Every structure is written in structure tokens, then in C-alpha cells.
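The lines below spell out each chain.
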Amino acid sequence: MPFSPAEIEAGRKLFAADWQFVAAAGTLERLPPMRGVEIAFAGRSNVGKSSLINALTSRKALARTSHTPGRTQELIFFAAAKPSDPKPLFLVDMPGYGYAQAAKDKVADWTALIHAYLSGRANLARVYVLIDARHGLKDTDEAVLETLGVAAVSYQVVLTKADQVKPAALEQTIAATAATLSKRAAAFPEIIATSARTGTGLPELRAAIARLMKERS
Ligand SMILES: Nc1nc2c(ncn2[C@@H]2O[C@H](COP(=O)(O)OP(=O)(O)OP(=O)(O)O)[C@@H](O)[C@H]2O)c(=O)[nH]1
Ligand SMILES: [Mg+2]
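Owing to the predicted nature of the structure, the values given are computational and were not obtained by experimental measurement.

Participant: Lay out the site of ligand 1 in plain terms, naming residues and giving numbers.
Facilitator: If you check the shell around ligand 1, you find 24 residues, and the closest are Gly-48, Ser-51, Thr-65, Thr-72 and Gly-96. Take the shell around ligand 1: its biggest share by element is three residues, from helix α2 (residues 49-56). A breakdown of the residues in the shell around ligand 1 according to their chemical character gives four nonpolar, 15 polar and five charged.

Set out below in C-alpha cells:
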């Protein structure tokens with residue numbers, strides 16, 4: 001899905017807005033009303049979800065990040081401050097899954113919340129499933145892909161921390177991940193490799209989201 005210069009520019013513009021915190025929900029009951037278009041960022045704990053949202057929106061600390069896993073503990077909703085927009089775009093930062101060190105009941109609560117949100121949100125237009133470029137797909141990722149597939153929610157895999165691997169290894173991980181995804185109908189076949197640190201892949205990811213918004217308008 002190569003992007004035209006016009007699409008790259010549309011992505012840049014979409015994300016040049018003034019992004020703001022809107023809501024946080026630690027339980028399903030506290031979710032904000034369904035409105036506009038939501039795009040969620042899911043992935044294992046510490047994969048770089050919050051960092052990617054900050055990089056996409058060019059905000060250093062919009063989403064809270066940490067080098068220790070388990071930083072994001074609620075579903076966090078962000079929106080561009082454009083009050084007149086009839087179909088606003090919301091970015092949703094999710095708690096991480098697969099965090100072995102956290103208390104068992106907390107992990108169970110987060111996992112239940114993640115799966116319930118991902119399978120029951122009518123205005124969830126796409127999920128970006130983040131995978132660490134150093135590690136590739138894990139079993140806990142497959143469980144999330146399964147949930148998304150059953151719920152027929154379209155999703156795309158984004159590799160994170162691409163700055164931490166050599167180009168040849170990155171190509172290998174992309175190929176192996178694409179092979180696994182080819183069996184999954186709800187998965188986008190293309191994989192975007194990103195780095196929140198260097199900015200690799202960010203213009204393409206912004207353009208992909210702008211394309212989705214255009215399709216939805
Ligand atoms: N080298 C490198 N480090 C990154 C990148 N993105 C995130 N990190 C680091 O990875 C760690 C975790 O980042 P977060 O953005 O907090 O990860 P998260 O997925 O939101 O984690 P939880 O909220 O705990 O699930 C931090 O130390 C970041 O600095 C990247 O592109 N490159
Ligand atoms: Mg986080």
C-alpha cells in the first residue's frame with residue numbers, strides 16, 4: 001500500500017492538530033460514549049504503545065510512558081481539539097497484556113477489559129497491534145489477534161523499536177510475521193515498521209490512518 005505524496009501530506013495534517021486527553025476508563029462501565037471514529041493501539045506490556053502515540057502526535061508526554069512494564073493501566077482516549085468536527089478521531093492507548101510480573105488479579109482484569117473493549121466497540125475502526133521488532137509475535141499476541149478476528153475488527157500489525165534491530169533482521173521479522181498473518185482474514189497484509197525514537201515509519205502510519213478516515217467520511 002504505497003502512499004502518494006498527497007496521502008502522506010494528509011496524514012501529516014491530520015496529526016498536526018492539537019491532541020488532548022479526553023477520558024480514561026479502567027472498567028467497561030466507565031468507557032466514554034461511542035462517538036466518532038476510534039483507533040486503538042494494543043500490544044504487550046512495554047512494547048511502546050504510549051511512546052508511539054506521543055511520536056505520532058508530536059507530543060512528548062501526552063501518553064504516559066515508562067521503561068518498566070505496566071505503565072498504562074486504563075484505556076486512555078485522546079482527540080484532536082477540533083470541536084466542530086462531526087466525526088472526530090480518537091486515539092486509544094491501551095494497557096499492555098502479557099505482563100508476567102504484575103499481580104495476577106490485575107492482569108486478569110486488564111486482559112478481560114482489553115478483550116471486551118476490542119470485541120464490543122462499534123466505532124472501533126481499526127486496531128494497531130504493536131509487536132516488538134526484536135521479538136516478533138508471541139502467544140499472547142495471537143490471543144488478541146484471535147479476539148479481533150472473531151469480532152471482525154480490522155487490524156494491522158506495527159513493529160515497534162525498529163531502531164533496535166539491523167535491517168536484515170527487521171526484514172526477517174516482517175516476513176515471518178506476514179506469513180503468520182496470511183492465515184488471518186481480519187489482518188491487513190502489510191506491516192509497518194516504526195521507531196518512536198527515530199521517526200521511521202511514522203509518516204506512513206499517519207497516512208494509513210488518514211486514508212482510513214477518508215474511507216469512513
Ligand atoms: N529504542 C526504542 N525504545 C522505545 C521505542 N518506543 C518505546 N521505547 C521504550 O520502551 C519503553 C516502553 O515504552 P512505553 O511507550 O511506555 O510502552 P507501553 O507499550 O505503553 O507500555 P505499557 O503501558 O506498560 O503497556 C520505554 O522505555 C520507551 O522509551 C522505540 O521506538 N525505540
Ligand atoms: Mg503505555
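Participant: Can you tell me about the packing of helix α1 (residues 5-15) against helix α6 (residues 202-216), naming the residues and giving the values?
Facilitator: In the contact formed by α1 and α6, the axes pass within 7 Å of each other and the chain directions differ by 90°. The pairing of α1 with α6 is recorded here as roughly perpendicular in orientation. On α6, the residues touching Glu-7, Ile-8, Ala-10, Gly-11, Arg-12, Leu-14 and Phe-15 of α1 are Pro-203, Arg-206, Ala-207, Ile-209, Ala-210, Arg-211 and Met-213.

Participant: Lay out the sheet that holds strand β7 (residues 192-193) in plain terms, naming residues and giving numbers.
Facilitator: The strand order across the open sheet built from seven strands is β1-β3-β4-β2-β5-β6-β7, with neighbouring strands paired in mixed fashion. If you trace the sheet from one side to the other, it starts and ends with β1 (19-25) and β7, each paired once. Relative to strand β6 (residues 155-160), strand β5 (residues 124-132) is paired through six bridges, and the arrangement is parallel. Opposite Leu-130, over in β6, you have Val-158 as the bridge partner. Across the sheet, helix α5 (residues 167-181) touches β5, β6 and β7, and the angle it forms with β6 is around 160°.

Participant: Quick one: what's the story with unusual backbone geometry, residue by residue and with numbers?
Facilitator: Backbone geometry places Ser-58, a non-glycine residue, at a positive phi of 55°. Backbone geometry places Ala-152, a non-glycine residue, at a positive phi of 55°. Relative to the assigned elements, Ala-152 resides in the loop between α4 (139-150) and β6. Residue classification places Ala-152 among the exposed residues on the basis of 9 C-beta atoms within 10 Å.

Participant: Lay out the pairing of strand β2 (residues 37-43) in plain terms, naming residues and giving numbers.
Facilitator: Within β2, five of the seven residues are buried, leaving the element largely enclosed by the surrounding structure. Bridge analysis of β2 against β5 gives six bridges, and the strand direction is parallel. Paired with Ala-40 across the two strands is Val-127, which belongs to β5.

Participant: Summarise the environment of Pro-32; cite the residues concerned and give the values.
Facilitator: Inspection of the secondary structure assignment puts Pro-32 in the loop between β1 and β2. C-alpha separation for the pair Pro-32 and Val-22, spaced 10 residues apart in sequence, amounts to 8.8 Å. Apart from the residues within four sequence positions on either side, Pro-32 is in contact with Val-22, Ala-23, Ala-25 and Phe-77.

About the criteria used
Residues numbered from 1 in each chain as written. Chains lettered and ligands numbered in written order. Predicted model: local features only at pLDDT ≥ 70, side-chain atom pairs only at ≥ 80, totals over all residues. Near = placed C-beta within 6 Å. Helix = DSSP H or I, 4+ residues; strand = E, 2+ residues; numbered from the N terminus. Nonpolar A, V, L, I, M, F, W, Y, C, P; charged D, E, K, R; others polar. Axes fitted to C-alpha atoms, helices over the stretch in contact; angles between N-to-C directions. Parallel < 35°, antiparallel > 145°, perpendicular 65-115°, else oblique. Contact = placed C-beta atoms within 7 Å. Pairing = 2+ DSSP bridges. Buried ≥ 20, exposed ≤ 12 C-beta atoms within 10 Å, placed from the backbone.

Keep in mind these numbers describe shape, not what the thing actually does.
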